[in-house]
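Secondary and tertiary structure notes
Now for the letters of each chain:
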Amino acid sequence: YYEKIKQTERLKISGQLAAAVAHEIRNPLTVVKGFLQLNEKDPSVSDDIKRHYTLMIGELNAAEHVISQLLSVAKPNNDQGTETVNVKNVLQTVTDLLHSYGLLNENNIELNVIEDCIIVANPIEFKQLLINIIKNAIEASEIGDSVKITANMKNDFVEIKVIDYGQGMTEAEVGSLGTPFYSLKSKGTGLGMMICYNIAAKYKGTIDIQSSKGEGTTVTISFPSKNNTIGSKGRI
Ligand code: ADP
Ligand code: MG
């Protein structure tokens, strides 16, 4: 019970922090993007340089996307529309997306979803949650290691497991997950898991972490299925 309170308090503080940081970063990004767009259209600029501008604008769009995600989870009344989401399709889209980003060149994703699992959520948020968790699994893995993903129905819940055989975490490290800016990576933001916990909480879902240092990690994401009347009325 105490752990639950701690988690709720942590989510609240995380949300406030996220909103503040997102706000401060959004404005400078908009300014930089504006100038890049001007240069991209400049007829005196060579095609080669234009390609660089296009790439930079793409990256800024990605950053803007994360920021609006942060703002939307930090402010619960700023409601994003929900719809029926087919978990199997989203998992396929997400792994394709990670492939196209070149993130999976050295790791193999084994996707194993037999049944259609349907939930109700905002598809962009749900996709974001999966991307963050699968990216962590890949980043924790050695070259050549596989990451396994399964999804199936468990009573009235859809259970997704992301399993990696990478570096794993100690109990203390698992306990720090979701704290804003907690990252052990040189280029990490330490915001990924916080976003995941916020999104899961919004849809009465849970994220459970089983990890063992040096052996790997299993992340279990559980969301109420579409027909789960308890879930849609509010669990916990
Ligand atoms: P970031 O990925 O930017 O560091 P996250 O919030 O996504 O931020 O993750 C926080 C930290 O948790 C990571 O830096 C890493 O140390 C640890 N972590 C998360 N997922 C895993 C995993 N699958 N295996 C090992 N460590 C992990
Ligand atoms: Mg991450």
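Residues numbered from 1 in each chain as written. Chains lettered and ligands numbered in written order. Predicted model: local features only at pLDDT ≥ 70, side-chain atom pairs only at ≥ 80, totals over all residues.

1. Brief notes about the overall build of the protein chain
The number of helices and strands found in the protein chain is seven helices and seven strands. The buried share among the 236 residues of the protein chain stands at 26%. Nonlocal contacts in the protein chain, meaning residues at least 24 apart in sequence, comprise 73% of its contacts between residues at least 6 apart. (Helix = DSSP H or I, 4+ residues; strand = E, 2+ residues; numbered from the N terminus. Buried ≥ 20, exposed ≤ 12 C-beta atoms within 10 Å, placed from the backbone. Contact = placed C-beta atoms within 7 Å.)

2. Description of the site of ligand 1
In the neighbourhood of ligand 1, 21 residues make up the surrounding shell, with Asn136, Ala140, Ser183, Gly188 and Gly192 lying closest. Secondary-structure elements contributing two or more residues to the shell around ligand 1 are α4 (123-140) and α6 (192-202). Per element, the largest residue contribution to the shell around ligand 1 is four residues, and it comes from α4. Considering only residue class, the shell around ligand 1 consists of eight nonpolar, 11 polar and two charged. (Near = placed C-beta within 6 Å. Nonpolar A, V, L, I, M, F, W, Y, C, P; charged D, E, K, R; others polar.)

3. Description of the sheet that holds strand β7 (residues 216-224)
Taken together, five strands build an open sheet; the order of strands is β2-β4-β5-β7-β6 and the sheet is mixed. Two strands in the sheet have a free side with no partner beyond their single neighbour: β2 (108-113) and β6 (206-212). Averaged over all adjacent pairs, the angle separating strand axes in this sheet is 15°, with direction ignored. Relative to β7, strand β5 (residues 157-164) runs antiparallel, the two being bridged by eight bridges. Looking at β7, one finds that Lys161 is bridged to Thr220. (Pairing = 2+ DSSP bridges. Axes fitted to C-alpha atoms, helices over the stretch in contact; angles between N-to-C directions.)

4. Quick word on the nonpolar core
Val87, Leu130, Ile133, Ile134, Val158, Val162 and Cys196 are the most contacted members of the largest nonpolar core, which has 37 residues in total. Elements with a minimum of two residues in this core: α1 (2-41), α3 (87-100), β3 (118-121), α4, β4 (146-154), β5, α6 and β7. Considering every element that reaches this core, the biggest residue donor is α4, with eight residues. (Core = buried A, V, L, I, M, F, W, Y, C linked by C-beta atoms within 7 Å.)

5. Describing the confidence of the model for the protein chain
Summing up the model confidence of the protein chain, the mean pLDDT is 86 and the portion of residues at 70 or higher is 88%. Model confidence for the complex is summarised by a pTM of 0.75, with the ipTM given as 0.99. (pLDDT = per-residue confidence, 0-100.)

6. Description of the packing of α4 against α6
Contact geometry of α4 with α6 gives a least axis separation of 9 Å together with a crossing angle of 140°. Overall, the two elements α4 and α6 adopt an arrangement that is oblique. Between α4 and α6 lies a crossing whose hand is left-handed. Within the contact between the two elements, α4 uses Glu125, Gln128, Leu129, Asn132, Ile133 and Asn136 and α6 uses Gly192, Met193, Ile195, Cys196, Ile199 and Ala200. When grouped by side-chain class, the residues that make up the contact of α4 with α6 number seven nonpolar, four polar and one charged. (Parallel < 35°, antiparallel > 145°, perpendicular 65-115°, else oblique. Left-handed = near helix turned anticlockwise from the far one by under 90°.)

7. What about α4?
Along its 18 residues, α4 runs 26 Å from first to last C-alpha, staying within 8% of the 26 Å computed at 1.5 Å per residue. Within the sequence span of α4, burial applies to Glu125, Phe126, Gln128, Leu129, Leu130, Ile131, Ile133, Ile134, Asn136, Ala137 and Ala140. (Expected span 1.5 Å × (residues − 1).)

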